[in-house]
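Summary of the model geometry
Here is what each chain is made of, one letter per residue.
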Amino acid sequence: MRRRILASLVVVAILTMTHLAASQPANKTARLGWLMVNYSARSDSFRQGLKEFGYEEGRNLKLEIRNVDGKVDRLAQLAAELVQLKVDVIVALEPPAMLAARDATKTIPIVMRSTDDPVEAGFVASLARPGGNITGVTSISSELYGKRLELLKETMPAISRVAVLWNPGFPAGAVNFKEMEAAAKPLGLQLQSVEARRQDDFAGALRAAIGKHAQGLITLRNPLIVADRKRIADLATKHRLPAIYDDRDFVEIGGLMSYGANLTDLYHRAAMYVDKILKGAKPADLPVEQPTKFEFVINLKAAKLIGVTIPPNVLARADKVIK
């Protein structure tokens, strides 16, 4: 009898241990592919998020970073390389990188950040149920063009002509330009198209804007403009052209002001998706999150250089003021 009881206890113990092992994440090193256009300070926020979820390089995480340093034509090659490495998850927190990852695999989970509406762009079936191998966050930058124009108008009430710096070669450019035109009409603003397809086009584009008597400037986000934001901000200052951007990075390097989602927060939140996927969740079932934090940043040094006085009511709404 004692032997039978002992044997039963052993079986129960084995079954219990098996159940516990099956219900817990496998104790293995996760292999994470990170495809990026440029490394930025906000990338550290994503790393910090991973650390908070218990992932540490060299212990239970191996990061396969592929950075093209602004050379977006290399993204497809490096995305294919990550697929060949059979990484567990691909992280692509810049839209061009996400597009390259999407084209490279339909099976490896992808954690994205989309600038535009990811449903309209065809990246996911819906925000609530993405339905494929892609999920993540969206910064809804294109939906905020009207707000940026409104802030520019409030800063300079007499303004009527605004130059739009954009790249017609960027897939979403034409659609975004039309959306911005619709947002400009109620504000009594006339938009002037100023095109730049290469970095060498920026100087001529800003001269053209001045030649068309532009009183302000707004940019349409795309990799070309993001990569050369310092030159654009400097040119706008040189021509004393008040400008508003979608990203605080432009303002911190000399631009006048910006309004958009807090990208540092979105990068941090992307780590949550990685954690859930590594623990067994399917991207198809993880809802895409929209931003909850937005930031309005003003650079008073830039305002002084171009001779613009920021109205007190506009200044009071800023989340950060650079003096």
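These numbers come from a predicted model, not from an experiment. (Residues numbered from 1 in each chain as written. Predicted model: local features only at pLDDT ≥ 70, side-chain atom pairs only at ≥ 80, totals over all residues. Heavy atoms only, no water.)

**Some thoughts on the packing of helix 2 (residues 43-52) against helix 11 (residues 263-278)**
When two helices pack together, their arrangement is captured by the angle between the axes and the distance separating the axes. Stated precisely, the cut-off is as follows: Lines are fitted to the C-alpha atoms to define the axes, a helix being fitted only along its stretch in contact, and any angle between axes, read from their N-to-C directions, falls within 0 to 180 degrees. A run of H or I in DSSP counts as a helix once it spans at least four residues, and a run of E counts as a strand once it spans at least two, with each numbered from the N terminus. Each helix crossing is assigned a hand: it is left-handed if the near helix lies turned anticlockwise from the far helix by less than a right angle, otherwise right-handed if that turn is clockwise. Contacts are residue-level and defined by heavy atoms, with any inter-residue pair within 4.5 Å sufficient. Amino acid classes used here: Ala, Val, Leu, Ile, Met, Phe, Trp, Tyr, Cys and Pro are nonpolar; Asp, Glu, Lys and Arg are charged; the rest, including Gly, are polar.
Where helix 2 meets helix 11, the closest approach of the two axes is 7 Å, and the angle between their N-to-C directions is 35 degrees. Between helix 2 and helix 11 the crossing geometry is right-handed. Touching Ser43, Ser45, Phe46, Gly49, Leu50 and Glu52 of helix 2 are Thr264, Tyr267, His268, Ala270, Ala271 and Val274, all from helix 11. Classifying every residue of the contact of helix 2 with helix 11 gives 6 nonpolar, 5 polar and 1 charged.

**Comments concerning the sheet that holds strand 6 (residues 161-166)**
This is how it is decided: DSSP calls a pair of strands paired once it identifies at least 2 bridges connecting them.
Spatial ordering of the open sheet is given by 7-6-8-9-10-11-12, a layout of 7 strands whose pairing is mixed. Because the sheet does not close on itself, it has two edges, and the strands there are strand 7 (190-195) and strand 12 (320-322). Averaged over all neighbouring strand pairs, the angle between strand axes comes to 20 degrees, with direction disregarded. Packed on one face of the sheet, helix 9 (residues 229-238) meets strand 6, strand 8 (216-219) and strand 9 (243-245) and runs near 160 degrees to strand 9.

**What to know about the environment of Ile225**
Mapping Ile225 onto the fold places it in helix 8 (residues 223-227). For the pair Ile225 and Val162, spaced 63 residues apart in sequence, the C-alpha to C-alpha distance is 17 Å. Excluding residues within four positions of it along the chain, Ile225 makes contact with Leu165, Trp166, Phe202, Thr219, Leu220, Ile232 and Phe250.

**A closer look at empty space enclosed by the protein**
For the record, the criterion: Cavities and pockets were defined on a 1 Å grid built over protein atoms only: a cavity is a set of grid points that admits a 1.4 Å probe from which the probe cannot escape, a pocket is an open set flanked by protein on both sides within 12 Å along at least five of seven lines, and lining residues are those with an atom within 4 Å of any such point. Grid points are joined across faces, edges and corners, and a volume is the space filled by probe spheres set on the points.
What the rule picks out here adds up to 4 cavities of 30 Å³ or more. Counted as a void, the largest cavity has a volume near 280 Å³. If you go around the largest cavity, you meet 24 residues; those closest to its centre are Glu94, Pro95, Arg113, Arg221 and Val226. When contributions to the lining of the largest cavity are tallied by element, the ones reaching two or more residues are helix 4 (95-104), helix 8 and helix 11. If one sorts the elements of the lining of the largest cavity by residue count, helix 8 sits on top with 3 residues. Grouping the amino acids of the lining of the largest cavity by side-chain chemistry returns 11 nonpolar, 5 polar and 8 charged. Its boundaries defined by the atoms lining it, the second largest cavity holds a volume of some 60 Å³. Per-class residue counts for the lining of the second largest cavity are 3 nonpolar, 4 polar and 4 charged.

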